[in-house]
Amino acid sequence: MSMPRGLVILASIWFFGSWVLCIGLRPPVHPSLASYAPGVRLLLACVAVGLCAGWPLLRLSGPRERWPVFRVVMDLAVLLALFHVVLWPLRLATPWPPARLALMDAIVFGWTAIVGAIIAVSIRTNHARTRTLAMVCCVLITVLGLPLRVAAESLGLAQPPAWLQGPVMSSLILGSEAGTQPVRGAWIGVLALGLAVIAAWGAMLGWLRVTRLPVAATPSDG
């Protein structure tokens, strides 16, 4: 299986552009953890947008994939490797403890994996309606926190937990000024998200099997 070189280049450009937009190339006048934390928080949100909206847009606007599962697995490996190269060194520029950063990492990883299952189901066909519906689902996942928060406020309910608000809003919430405080029960939510990932990939593989689409082979370069 070949490396998706085009995706590597585009993802690197996205990550670098997010860095320039959110943090900038010049250090603050008075560098400190407090001065860097807001920019890092926005950076992670921008990266989450790229993973859960930019990546689907690239694949769903491209040609039909004969081996969709392998393409998505390779893409995930590349994207998450780049994501971790960006994510973990940033801990040195924030007051967040390692457990908080690991929580943010797990949530973004989980939602990105669910998006990957949606992509794999859709890129096996050139059907425009299927691809459009898949893209709509990915965008809804990306902005999931906004409608949930509006619905909770309108109904007078408590705000949903961070992990349930999607990859972008969860990064903003967990990276807020209260980000140094422990989050009780947060890892239970991550476990629920992990079960959702398993369910999504199981449903995707089952659908490909039922429709007699191959899910395992060596793909061509693309």
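Owing to the predicted nature of the structure, the values given are computational and were not obtained by experimental measurement.

A few points about the side chain of Glu65
Mapped onto the fold, Glu65 is located in the loop between helix H2 (33-60) and helix H3 (68-87). If we ignore the near neighbours within four places in the chain, the residues touching Glu65 are Arg59, Arg71, Ile123 and Arg124.

Things to note about the nonpolar core
Where a protein is soluble and globular, its nonpolar side chains tend to be buried together. In this structure, Trp55, Val72 and Trp201 are the most contacted members of the largest nonpolar core, which totals 51 residues. Mapped onto this core, the elements with two or more residues apiece are helix H1 (5-22), H2, H3, helix H4 (98-122), helix H5 (128-142) and helix H8 (186-210). Considering every element that reaches this core, the biggest residue donor is H4, with 13 residues. When sequence neighbours within four positions are dropped, the list of residues in contact with Trp201 reads Val69, Val72, Val73, Leu76, Ala113, Gly116 and Ala117. Counting five residues, the second largest nonpolar core, distinct from the first, contains Ala45, Ala48, Met169 and Leu172.

Details of the pattern of salt bridges
Using the criterion set out here, one finds two salt bridges in the structure. Of the charged contacts in the structure, one is a salt bridge between Arg71 and Glu65, with a shortest N-O distance of 3.7 Å. Accessibility classification places Arg71 together with Glu65 in one group, the buried group.

Here we look at the confidence of the model for the protein
Predicted confidence across the protein gives a mean pLDDT of 85, with 85% of residues reaching 70 or more. At the level of individual helices and strands, the protein shows its lowest average pLDDT in helix H6 (residues 145-155), which scores 87, and its highest in H5, which scores 95. Counting contacts from residues 213-222, a segment whose pLDDT is below 50, to residues more than four positions away or on other chains yields 28 contacts.

Remarks on the layout of surface pockets
Here the largest pocket is characterised by a volume of approximately 190 Å³. Contributing to the lining of the largest pocket are Leu7, Leu10, Ala11, Ile13, Trp14, Phe15, Gly50, Leu51, Gly54, Trp55, Leu58 and Leu79. Of all elements in the fold, only H1 and H2 reach the threshold of two or more residues within the lining of the largest pocket. When residues in the lining of the largest pocket are grouped by element, the largest group, six residues, is from H1. Tallied by class, the residues present in the lining of the largest pocket amount to 10 nonpolar, two polar and no charged.

Describing H8
Turn by turn, an α-helix covers 3.6 residues, leaving residues three or four places apart pointing in a common direction. The terminal C-alpha atoms of H8 lie 36 Å apart, and with 25 residues this matches the ideal 36 Å at 1.5 Å per residue to within 8%. All buried positions along H8 are accounted for by Ala186, Gly189, Val190, Leu193, Val197, Ala200, Trp201, Met204 and Leu208. For H8, the elements touching its buried residues are H3 and H4.

Focus: H1
The terminal C-alpha atoms of H1, which comprises 18 residues, lie 26 Å apart, in line with the 26 Å expected from a rise of 1.5 Å per residue. Listed as buried for H1 are Leu7, Ala11, Phe15, Ser18 and Cys22. Looking straight down H1, one finds that the buried residues subtend no more than 65° of arc, so they occupy a single side. Those residues of H1 that are exposed and aimed more than 90 degrees away from the buried face are Arg5, Ile9, Ile13 and Phe16. Where H1 ends, the next residue or the one after it, Gly24, has phi of about 90°, a positive value.

Considering the packing of H4 against H5
Where H4 contacts H5, the axes come no closer than 9 Å and their chain directions differ by 175°. When the interaxial angle is binned, H4 and H5 end up roughly antiparallel. Side by side, H4 and H5 meet where Trp111, Ile114, Val115, Ile118 and Ser122 of the first sit next to Thr130, Arg131, Ala134, Cys137, Cys138 and Ile141 of the second. Within the contact of H4 with H5, the residues separate by chemical class into eight nonpolar, two polar and one charged.

A word on a nonpolar patch on the surface
A cluster of nonpolar side chains, contributed by Val136, Val139, Leu140, Val143 and Leu146, occupies part of the molecular surface with about 390 Å² of accessible area. A total of three residues in the nonpolar patch trace back to one element, the largest contributor, which is H5. Mapped onto the elements of the fold, Leu146 is located in helix H6.

The rules behind the values
- Residues numbered from 1 in each chain as written.
- Predicted model: local features only at pLDDT ≥ 70, side-chain atom pairs only at ≥ 80, totals over all residues.
- Heavy atoms only, no water.
- Helix = DSSP H or I, 4+ residues; strand = E, 2+ residues; numbered from the N terminus.
- Contact = heavy atoms within 4.5 Å.
- Core = buried A, V, L, I, M, F, W, Y, C linked by side-chain atoms within 4.5 Å.
- Buried < 20%, exposed > 50% of the residue type's maximum accessible area, 1.4 Å probe, protein only.
- Salt bridge = Lys/Arg side-chain N within 4 Å of Asp/Glu carboxyl O.
- pLDDT = per-residue confidence, 0-100.
- 1 Å grid on protein atoms, 1.4 Å probe; cavity = no way out; pocket = protein on both sides within 12 Å on 5 of 7 lines; lining within 4 Å.
- Points joined across faces, edges and corners; volume = space filled by probe spheres on them.
- Nonpolar A, V, L, I, M, F, W, Y, C, P; charged D, E, K, R; others polar.
- Expected span 1.5 Å × (residues − 1).
- Arc of directions from axis to C-beta.
- Axes fitted to C-alpha atoms, helices over the stretch in contact; angles between N-to-C directions.
- Parallel < 35°, antiparallel > 145°, perpendicular 65-115°, else oblique.
- Patch = residues over 30% accessible without salt bridge, like charges linked within 9 Å, V, L, I, M, F, W, Y side chains within 5 Å.
- Areas by Shrake-Rupley, 256 points an atom, 1.4 Å probe, with all protein chains shown as cover.

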